[in-house]
Amino acid sequence: MISVRNLEKRYGDLRAVSELSFEVERGEIVGLLGHNGAGKTTVMKVMTGFLEPTRGTVTIGGVDVTADRIGVQRQIGYLPENAPLYPEMLVQEYLLMMAELRGIDPGDRVPAVADAVKATGLEGRLVQPISTLSKGYRQRVGLAQAILHRPDVLVLDEPTNGLDPVQIVEIRDLIRRLAQTTTVILSTHILSEIEAVCSRVVILIDGQLAADDTLAHLLSSNVVRVRVGAGAKDVPRVLAKVEGVESVKREGERGGYSEWRAICAEGVDATPAIARAALDAGWTIGGITPETPSLEQVFRDLMARHVSEARQAPKKSPSKKEVAA
Ligand code: ATP
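Worth saying up front: this structure is predicted, and the values here are computed from it rather than measured.

**Quick notes on the sheet that holds strand β8 (residues 183–188)**
Part 1 of the argument: Judged by pairing direction, the sheet is mixed, and its six strands sit side by side in the order β6-β7-β8-β3-β9-β10 without closing on themselves. Both edges of this open sheet fall to β6 (76–79) and β10 (208–214), since each of them pairs with a single strand only. In this sheet, neighbouring strand axes are inclined to one another by 15° on average, regardless of whether the strands run parallel or antiparallel.
Part 2 of the argument: Taken together, the six bridges between strand β9 (residues 200–205) and β10 define a ladder with antiparallel strand orientation. When the sheet's bridge partners are listed, I203 is paired in β10 with A211.
Part 3 of the argument: This element, helix α5 (residues 135–147), spans β6 and β7 (153–157) of the sheet and lies at about 160° to β6.

Below you can see the structure in the form of structure tokens.
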């Protein structure tokens, strides 16, 4: 549905995005995750035809955004960061105006607004001036204008930025509902947002692709934590013999249990085999659990790897830090 290929975007000497490629399939909710200034908004502006790429291509539903910007914009609903709204307008006035600007036929505008209002739960706010709405409701108005023309793709730039915890939950529920019929790509620097809403994540660090994976895979690890009674005999030998276990490390002793980490071969879940071996050995079992890193930990590791690779890499063109200096 969305294809980004070798995308580069420069602002003068500053390379905000480089060599970025990823795909989004129909029906996916993909999170574009990155630190402040990682290039998320830039990518979204290129995807939606508001910025020209310096190099590379973006296609939406097979249409190239550079060759046919309007064709792409017809398929996309875009909620920019800090969506510009007209505060003095009533909600329904604003949405009807946006329906007109979207080129929806006059006879179809009222039904289109009614559908968008229903989908975003704005029924009780139609005749309220936008300036008097809470931030969460203003964000709903932004989402309503984004779906007026029933787009195939929703591009949401930091959709919960600045909302309180209750509003965040409401908007996330809303995005999940909208995603039942629409492909969604949303940007955020909030890790919990990704975990709450997305099935796949594209991680950007300094404008470069650092990871593109399902959450399930990113948050899986090849380590099994084993907690057995402190009196258990031969633990490293028994664990090392389990098929799929490559090495065993002792973590220490706590509360009458000794703790171990069994490092397994890539892609192997040795948990059941370890459990069987522990039972056969007659150990008292305090827990045998696959280790699950947090997304925060994954992100920190990717950052650390990126920094160390950047230190080793030969210089090609100025990085953001060099330009800033
Ligand atoms: P944030 O999470 O803070 O919104 P972001 O990941 O969306 O950040 P971008 O807004 O895409 O990042 O910015 C990427 C880099 O490009 C930053 O260093 C930013 O300062 C720079 N940048 C963005 N827009 C422009 C512009 N119009 N002119 C020059 N530099 C820009």
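Now that the structure is up, let's keep going.
**Describing the sheet that holds strand β5 (residues 63–64)**
Part 1 of the argument: Pairing in this open sheet of four strands is antiparallel, and the strands run β2-β1-β4-β5 from one edge to the other. Sheet topology places β2 (14–24) and β5 at the edges, where each strand pairs with a single neighbour.
Part 2 of the argument: Sheet analysis places strand β4 (residues 55–60) next to β5, joined by two bridges and oriented antiparallel. The residue of β5 that forms the bridge with I60 is V63.

**Side note on the domain arrangement of the protein**
Part 1 of the argument: Here the domain parsing of the protein yields domain 1 (2–75 + 151–218) and domain 2 (223–290).
Part 2 of the argument: In this structure, domain 1 and domain 2 have C-alpha centres spaced 41 Å apart.

Quick notes on the rules
- Residues numbered from 1 in each chain as written.
- Predicted model: local features only at pLDDT ≥ 70, side-chain atom pairs only at ≥ 80, totals over all residues.
- Heavy atoms only, no water.
- Pairing = 2+ DSSP bridges.
- Helix = DSSP H or I, 4+ residues; strand = E, 2+ residues; numbered from the N terminus.
- Axes fitted to C-alpha atoms, helices over the stretch in contact; angles between N-to-C directions.
- Contact = heavy atoms within 4.5 Å.
- Domains from an automatic or database assignment.

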